[in-house]
Each structure stands twice: as structure tokens, then as C-alpha cells.
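Understanding the architecture of this molecule
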Amino acid sequence: MPSLTVPQTPRYVPALPTKEKLQYADLAIIDLSKAATAEGRAELAVELREALTSHGFCYIINHGYTQAQNERMFDIADIPMSGVPEDEKRAYTGDSKKTGIFQGYKPRQYWQHIDAGVRDQHEHYNCNRHVYSLMHPQALRPFLPDIDAFVRHNHHDILHKICRLMALSLELPEDTFVKLHDFDAPGVSYLRFMKYFPRSEEEEVQTKNVWMKGHTDFGSITLLWSQPVAALQIQTKEGWRWVKHIENALLMNIGDSMEFLTGGFYKATIHRVVQPPIDQRGYTRLSMIYFSFLNDDVKLVPLMDSPVLQRVGVKRKCEDDVAPTMKAWRVARISAYGASDLQKGTEPGIEEEVLNGIVVKHYN
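Every value quoted in this text rests on a predicted model; they were computed, and no experiment measured them.

Each value, and the rule that gives it
One numbering rule holds for all chains: residues counted from 1, following each sequence as written. Two thresholds apply to this predicted model, a pLDDT of at least 70 for residue-level local features and 80 or more for giving and counting side-chain atom pairs, whereas whole-chain, interface and lining totals are computed over all residues. Working from all heavy atoms in the structure, the side-chain values ignore hydrogens and water. Each helix corresponds to a stretch of at least 4 residues labelled H or I by DSSP, and each strand to a stretch of at least 2 residues labelled E; elements are numbered beginning at the N terminus. Accessibility here uses a 1.4 Å probe with only protein chains present; expressed as a share of the type maximum, an area under 20% marks a residue as buried, one over 50% as exposed, and anything in between as partly exposed. Pairs of residues are marked as contacts when any of their non-hydrogen atoms sit within 4.5 Å. Computed with the Shrake-Rupley method and a 1.4 Å probe, the accessible areas treat only the protein chains shown as cover for residues. When DSSP finds two or more bridges between two strands, those strands count as paired. Geometry of aromatic contacts follows a simple scheme: Phe, Tyr and Trp rings, the Trp one being its six-membered ring, pair when their centres are within 6.5 Å, and the pair is stacked under 30 degrees between planes, edge-to-face over 60, tilted otherwise. Two limits define a charge over a ring: the Lys NZ or Arg CZ must be within 6 Å of the ring centre, and within 35 degrees of the ring normal. All axes are obtained by fitting lines to C-alpha atoms, using only the stretch in contact for helices, and the reported angles, taken between N-to-C directions, cover 0 to 180 degrees. Angle categories: roughly parallel below 35 degrees, roughly antiparallel above 145, roughly perpendicular from 65 to 115, and oblique for all the rest. Residues grouped as a nonpolar core are buried Ala, Val, Leu, Ile, Met, Phe, Trp, Tyr and Cys residues, joined through side-chain atoms within 4.5 Å. A pair is scored as a salt bridge if a Lys or Arg side-chain nitrogen falls within 4 Å of a carboxyl oxygen belonging to Asp or Glu. For this analysis, a polar contact is any N or O atom pair within 3.5 Å, provided that within protein one partner can donate a hydrogen and the other can accept it, and provided that sequence-adjacent residues contribute only side-chain to side-chain pairs.

Here's the deal with the overall build of the protein chain
For the protein chain, the helix and strand inventory stands at ten helices and 15 strands. For the protein chain, the residues scored as buried account for 58% of the 364 residues in total. The contacts of the protein chain with a sequence gap of at least 6 include a subset with a gap of at least 24, amounting to 75%. Per element, the accessible surface of the protein chain, about 16,100 Å² overall, is 53% carbon and sulfur.

Things to note about the pairing of strand β6 (residues 210-215)
By the criterion of burial, β6 is predominantly enclosed, with six of the six residues buried. Of the pairings in the sheet, the one linking β6 to strand β11 (residues 271-274) comprises three bridges and is antiparallel in character. Among the inter-strand pairings, Met212 is bridged to a residue of β11, identified as Val273.

Observations concerning unusual backbone geometry
The phi angle at Lys208 is positive, at roughly 55°, despite the residue not being glycine. Located in the positive-phi region is Asn209, a residue other than glycine, with phi close to 70°. With respect to the helices and strands, Asn209 occurs in the loop between α7 (201-206) and β6. Residue Asn209 is classed as partly exposed on the basis of its relative accessible area, which comes to 32%.

Section: helix α10 (residues 326-336)
Helical geometry note: an α-helix holds 3.6 residues per turn, so side chains three or four residues apart project in the same direction. In terms of residue burial, α10 counts as a mostly covered element, since eight of its eleven residues are buried. Among all positions of α10, only Met326, Trp329, Arg330, Ala332, Arg333, Ile334, Ser335 and Ala336 are buried.

Quick notes on the packing of aromatic side chains
Any pair of aromatic rings gets described here by the distance separating the centres and the angle formed by the planes. Applying the stated criterion across every chain, the model contains eleven aromatic pairs. For the ring pair Phe260 and Trp329, a centre distance of 5.3 Å and an interplane angle of 80° mean the geometry is edge-to-face. Within this pair, whereas Phe260 is found in helix α8 (residues 256-261), its partner Trp329 is found in helix α10, the two being separated by 69 residues in sequence. Judged by its relative accessible area of 4%, Phe260 is buried. Taken together through their ring pairs, the aromatic side chains of Phe102, Tyr190, Phe218, Phe291 and Phe293 make up a single cluster. For Arg108, the ring lying beneath its charged end belongs to Phe197, and the centroid distance is 4.0 Å.

Comments concerning the packing of helix α1 (residues 38-54) against helix α5 (residues 144-169)
Relative to each other, α1 and α5 sit at 80°, their axes nearing to 8 Å. The angle between α1 and α5 places the two elements in the roughly perpendicular class. In this structure, α1 uses Arg41, Ala42, Leu44, Ala45, Leu48, Arg49 and Leu52 to contact α5, whose residues at the interface are Ile162, Leu165, Met166, Leu168 and Ser169.

Quick notes on the nonpolar core
Formed by 87 residues in total, the largest nonpolar core has its most connected members in Ile147, Ile162, Met166, Phe177, Ile221, Leu223 and Met252. Take this core: its biggest share by element is eleven residues, from α5. In this structure, Phe177 is in contact with Cys163, Met166, Ala167, Leu170, Leu172, Met258, Leu261 and Leu303, ignoring residues within four places of it in sequence. Listed in part, the five residues of the second largest apolar core include Leu22, Val210, Trp242 and Val274.

A look at the pattern of salt bridges
Applying the stated criterion across every chain, the model contains 18 salt bridges. For Glu204, the salt bridge identified is with Arg199, shortest N-O distance 3.1 Å. Residues Glu204 and Arg199 agree in their burial class; the two are buried. Here the salt bridges do not stand alone but share partners, grouping Arg11, Glu71 and Asp75 into one network.

A word on the environment of Ile101
Its location among the elements puts Ile101 in the loop between α4 (96-99) and β3 (104-106). When residues no more than four places from it in sequence are discounted, the contact partners of Ile101 are Ser96, Val188, Arg330 and Ile334.

So, the pairing of strand β8 (residues 232-236)
The buried fraction of β8 amounts to four of the five residues, a majority that puts the element mostly inside the structure. With three bridges connecting them, β8 and β11 associate as antiparallel partners. Looking at the pairing, Leu232 lines up with Val273 of β11. Where β8 and strand β9 (residues 239-242) come together, four bridges link them in antiparallel fashion. Bridge pairing links Ile234 to Arg241 in β9. Taking the residues that link successive antiparallel strands as the turn, the β8-β9 hairpin has two residues.

Some remarks on the side chain of His245
With respect to the helices, strands and loops of the structure, His245 is situated in the loop between β9 and β10 (250-254). In terms of polar contacts, His245 uses its side chain to reach the backbone carbonyl oxygen of Gln227, at 3.2 Å. For His245, the side chain forms a polar contact with the side chain of Glu247, separated by 2.9 Å. Once residues lying within four places of it in the same chain are set aside, the contact partners of His245 are Pro17, Ser226, Gln227 and Pro228.

Here it is, written out as C-alpha cells:
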């Protein structure tokens, strides 16, 4: 008979929220509980369209996880970083540069895309949405039921609801994007546990306090569970703005592939990670992120059945006949990230690389 005892986790204690006066982005808050009715979804679709055409980021609340469940998942998220010996981590280290897939560990200092020769100081553990399809470190195995439930909740109970709202916002059938995010179709939507470590003062000076350069996500929809250490900034019309922590909320933003599908109507927002404010320095920053991707075989061309896109027009990144599939774009972006030599762009502070004939920009 299976044990009814829930395994206990070591407690991860994050920094307290900052008291510094920061310039925060004014982001919309989407109450997902309203998505239970057709009237609520119609209302939220309008709110989401406004959020995605202004900032490209928004908060999601009432998503179905309690504060206690949230805290337990953050405790579990720290286990791969703090509870696994280094030699065992090496046995589960992925090679995204060769495979084009994030799976297992990405160790610290793996990427070179920071500045002045400084490499990254963050570690992550990536887990495919089919949690039991691969082996995991010993310390994490008792918690696989929690992780599996969390992944499925993110995909079915949050992502798919957002997909329905996005379809309605484009006047498409409600299930349009749900079908393009089939949990069981070939694809690589995955959960990431990620931990940033404090850096030396010399590294901060060399990199101008930037921990991860400005970039866009390359999947479709990203779900980032809010945590208290301020470091995430988004690029707005007014310049870089901080993202404020909201207890038991998550942040949602779109990536390149959704920009492809909407012909630029919804743009992937540029964001970066910087050194936290003074009262949070010296602390680690632990994140949980669900990166969703379209089914591998989806071709990244505008969905011209949308009456909205027909009215406003589209801006293609390339001609339809040479547009990449989700798999081709994902493999190109992941393989190159942090490994390719960037070229100086025509705009100040921008470096570029060309992937699949499409210019990818990095904002420093």
C-alpha cells in the first residue's frame, strides 16, 4: 500500500521583500478565477490583449495553488541546488549546446553571454513536462509526485486557460492555442528550478550590474512564479522598469514563437536580470519557471484566420515558405544561447546573431 506520509522538505528561506524605492512597471493583474465562465473569459480576453500590447507582461492571480503549496514547491525547487552532491550533479548535467534541449543541470559559469569575459553565476535544473520519462537525482525522487502535479497544473490549469484567452483576444476559436500546446504531442515544454548566486564586486563592475542580458524568451508563453528578490527588469517605452513581487502570484509573458504566430501583434518583451537592491544583496535568488513551447511541428507563420490580424495587418520576420518550425527555432536558439559570438549591432548597446536567417538581438 502506498505511503500516505508526505515527505518533508528542508525549508528554503528567501530574502524579505525590498524596502528600496524602485521604479516598477505598471503591470496588469489577470484574475484567472474569472475564466470559469464564458462571460469571464470574454472580459479577461480584453484585459489580456491590453496587457500584451502594452507591456507584454502581466500578473496571474487565483491560479489554483495555495500559498502553502507555493511555499512547498519553492522548498522543493532548492533541493537540486542545495541537496545534491556536486559529483551527482555532474552525472545529470545536460548539454544544451549539442542537443538544443534544456534537460538536467546547467552549471554555473556555463554561459559566456554576460560581459567583459564574465560568465554567469546561476545554476538551474530543468525537468521535461513528462517528469517520469527520465531519471532524477536521488534527493529529488521522493518529491517527483509534487513536481509532476505542479507541471500538470501549470500546463492544464494555467497555460491552457491563458491559451483560451489569447485565442479569444484574436477572435479565433477558443481551443486554437490549446491544440498547439498539446501535453502529449512531440515538444519540450519544461519546468526550470533556477538559483542565482551573489557575485563579486569586481564582476558587478565589469558587467555594469547585469546578471543576464536583455533578451526575449523563444518559446510561446512563460510562467514565472513570483519570488521576493527584486532583480527582473523589463524594457518599457520609459526605459528599464523593475518587476514587483506579489505574494502567490505568477508573471506571464510571451516569447518569440507567439510573436511569429501573431505577426508581431503580440511582441516578445525584452527583459533582463540585474543585481538586486542593497537590502537584498548577499542573498540567493530562487526561481520556478514553466517554459511552454508549441508542438514541435507547428510552423511559425502568422495565423491569418484571425479577424484581428486581418484588420491590423502583420509584420513577418521572414517569408512563410522559409519560416522555421517550433522545433527548428527552439534547437537554433538553445544551441546558440550563451555560446555563440555576438556581433555588434547597428543600434547602441545591442549585439546580434543570425539564426535560421532571422536576426536575434541581445540588449546589454
